[in-house]
Structures are given as C-alpha cells and as structure tokens.
Amino acid sequence: NPRALSGRKTDTGWELELPVGASTVQLTAISGYRLPKNIATVPDLQKERMRARTFWANERRYPRNRIQVPDQQLQLLLDAGMRTLYQCREVVDGVAQFQPGSTVYRGLWIQDALYDIDGILMEGDTASARKATEGLFHFQDNTGKVKVIWPVDIQRDTPNFIWALVRYARLANSREWLQNHWPKIVAAMRFIQERRKSTLADPRAAYYGLMPPGFVDGGISGINADYSSVYWVLICTERAVEAAEWLGKTREAQEWKTFYQELLSSYRSAAARDVRKDLYGNQYLPVKVADTTHDVPQRAQWVLCEAINLGSFLSPSDPIVPGTL
C-alpha cells in the first residue's frame with residue numbers, strides 16, 4: 001500500500017514500481033505452506049494489531065496473577081512472558097503443544113517444550129501441563145524411541161521425554177499418573193540402553209561406550225557423535241531411578257543405576273581424551289566427540305549448563321565447569 005504499478009522478479013527478489021510521490025509504503029510478505037487461497041488485499045495492520053491486543057486482554061485460558069512482584073515493570077515483563085508461552089501453544093492433530101521457533105522451523109521441539117511446561121507448572125496450570133506432557137505420547141513408537149522432528153534423528157528426544165514425564169509427576173505429586181504411564185518410561189529407557197549398547201560393537205569408534213551420532217543443533221549442523229546426548233541420557237537416567245524408587249520399582253532402579261555408572265565411566269574416559277583449553281587457559285569439552293575442527297569453544301555449550309543444573313554428575317569443582325563458564 002499504495003498498490004504497485006508494476007513488479008518484476010529479479011535474481012535477488014522482486015522489484016516494484018510505485019506511484020510517483022509515494023513517501024511511505026506498507027508491504028506484507030506472506031509465505032508458508034498453508035496459505036489462504038484468496039488474498040485480495042493486505043489487511044488494515046493497525047486494526048489487526050488492535051484486534052490481537054483486545055483478544056489477549058480478554059483471554060482467560062491462561063493463569064494470571066499467580067506470581068506477584070512489587071515492581072510494576074517487572075510484573076508486566078513476567079505477565080508478557082507467560083502470555084507469550086500460551087501464544088505459542090497451538091493445536092496440532094487435535095493436541096495442544098508448545099511450538100517455539102520462527103516460522104521457518106516452527107513446531108514441537110521437546111528440548112524447548114520442557115521449559116514451557118515447567119513454566120506453566122510454576123504458574124499452577126497443572127491441567128495444561130498434563131495435556132502438553134501427554135501430547136508427547138504419540139511421538140513414541142513401539143521400540144520406545146521418541147521421534148518428533150523425524151527424519152532428523154535427535155538422540156536427546158527420548159531422554160527429554162523421560163525427564164518430562166518424571167518432572168510432571170513429581171511437581172503434580174501424582175504417583176498414580178506416573179504408575180499409569182510407567183511402561184512408556186520403561187520402553188524409553190530400554191531403547192536408550194540398546195542405543196548405547198550399539199556403540200560397544202567397535203572399540204575403535206570415537207564414541208565407543210557413549211551414544212550414536214545424531215543431530216546436535218546449537219550451531220552444529222549435520223549428524224555428529226556428541227556429548228549433549230550423553231549429558232541428557234545421564235540426566236534422564238538419574239530421574240528415572242528417582243521415579244523407580246518413588247514407585248517401589250526396585251528391579252528397574254537397580255538396573256538403571258548400573259547403566260548410569262557404566263555410561264558415566266565411558267563419558268569420563270572420553271572426556272579426558274577430548275578436553276581442551278582455550279587461548280586463556282580455561283578448560284572445556286567440545287560438544288562434538290573427538291572434535292578435530294578447533295571450532296570456537298562456546299559452540300552448543302548450552303547443554304553443559306543444563307547438565308550442571310539438572311544433573312548431579314558434574315561437580316562445581318570439575319575443571320570444565322568454571323572453565324566453560
């Protein structure tokens with residue numbers, strides 16, 4: 001707006017001829033794979049913004065004022081953050097799920113959904129948290145593997161799934177719910193154990209005793225053997241043991257404790273081999289196993305922060321902890 005007199009596609013985009021004297025232009029680019037069939041005109045953007053504001057000002061399907069702080073500006077920031085969580089909750093195949101990310105890869109990423117569900121649990125919205133957690137069930141196949149961004153093979157999805165189930169059950173204090181869905185955790189742990197077992201076939205492999213290669217993310221493209229999946233298997237196994245003990249499942253608890261110690265031993269051996277120092281002498285462990293690229297030290301190290309926060313296997317005195325930070 002105003003309407004272009006002509007337009008032509010170029011090698012780098014589109015070139016539009018506008019009316020003489022046009023000093024300001026409103027341009028809306030609409031893209032995606034689910035477009036309205038008939039887009040006659042660009043909507044009144046000011047009107048649409050007011051419509052969206054009015055909707056969320058009157059929306060009552062998310063909790064308000066559960067957490068109150070004396071600073072009004074901080075309260076507005078907190079409220080806006082909670083509203084954003086619910087704005088990215090969308091119904092897909094009849095299931096409400098949290099879908100962070102920009103349009104190009106908007107969808108369910110369990111790694112992010114863990115924190116979204118945790119956030120609404122902190123606000124006391126147990127019902128929505130349960131629905132979002134149970135919405136993950138249909139991503140688990142009959143081997144116990146959890147496949148979300150398939151065919152991209154992310155080794156963290158299955159341990160993320162286990163953590164989410166145990167976390168919800170503990171915060172909701174529902175042994176019954178966890179008992180009802182216990183077979184899903186058992187199947188997921190069995191799958192993880194089999195995946196780790198597959199790495200023992202070749203003692204010469206750099207990831208021997210760890211986890212098979214998969215998609216890492218966090219600035220690392222392609223399929224790689226990585227420590228982020230190892231960290232998350234250790235994190236989820238700790239929670240699985242905790243859950244087994246909570247339910248009195250002594251056999252599973254002991255089996256998973258043994259698995260945990262074996263994986264932890266393999267991790268420590270590989271980490272001792274792969275650890276490095278940066279230009280300032282800080283010790284760190286590249287996220288890619290046996291990394292030979294000499295990439296920047298901070299690449300994808302968000303997962304170490306999760307390991308420190310959610311697991312107990314990294315002591316604050318471990319040199320890679322202060323070194324990485």
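Since the model is a prediction, treat every value here as computed from it, not as a measurement.

**With respect to the pattern of salt bridges**
Stage number 1. Overall, the coordinates contain 16 salt bridges when judged by the stated rule.
Stage number 2. The shortest N-O distance in the salt bridge between Asp 202 and Arg 204 comes to 3.3 Å.
Stage number 3. Between Asp 274 and Arg 273 there is a salt bridge; the shortest N-O distance is 2.7 Å.
Stage number 4. The class of Asp 274 is buried, set by a relative accessible area of 9%.
Stage number 5. Because the salt bridges share partners, they merge into one network encompassing Arg 170, Glu 238, Arg 239 and Glu 242.

**Notes on the packing of helix 5 (residues 157-171) against helix 7 (residues 182-198)**
Stage number 1. Relative to each other, helix 5 and helix 7 sit at 150°, their axes nearing to 10 Å. Taken together, helix 5 and helix 7 sit at an angle that is classed as roughly antiparallel. Of the two possible hands of crossing, helix 5 and helix 7 adopt the one that is left-handed. Contact residues: Thr 158, Pro 159, Phe 161, Ile 162, Leu 165 and Val 166 in helix 5; Lys 184, Ile 185, Ala 188, Met 189, Phe 191 and Ile 192 in helix 7.
Stage number 2. By residue class, the composition of the contact of helix 5 with helix 7 is ten nonpolar, one polar and one charged.

**Describing the side chain of Gln 301**
Stage number 1. By secondary structure assignment, the location of Gln 301 is in the loop between strand 8 (283-284) and helix 10 (302-310).
Stage number 2. The exposure class assigned to Gln 301 is buried, which follows from its relative accessible area of 6%.
Stage number 3. A distance of 3.3 Å separates a polar atom in the side chain of Gln 301 from the backbone oxygen of Pro 297.
Stage number 4. Not counting residues within four places of it along the chain, the set of residues in contact with Gln 301 comprises Tyr 284, Leu 285, Pro 286, Val 287 and Thr 324.

Cut-offs applied
Residues numbered from 1 in each chain as written. Predicted model: local features only at pLDDT ≥ 70, side-chain atom pairs only at ≥ 80, totals over all residues. Heavy atoms only, no water. Salt bridge = Lys/Arg side-chain N within 4 Å of Asp/Glu carboxyl O. Buried < 20%, exposed > 50% of the residue type's maximum accessible area, 1.4 Å probe, protein only. Axes fitted to C-alpha atoms, helices over the stretch in contact; angles between N-to-C directions. Helix = DSSP H or I, 4+ residues; strand = E, 2+ residues; numbered from the N terminus. Parallel < 35°, antiparallel > 145°, perpendicular 65-115°, else oblique. Left-handed = near helix turned anticlockwise from the far one by under 90°. Contact = heavy atoms within 4.5 Å. Nonpolar A, V, L, I, M, F, W, Y, C, P; charged D, E, K, R; others polar. Polar contact = N/O pair within 3.5 Å; in protein donor to acceptor, adjacent residues only side chain to side chain.

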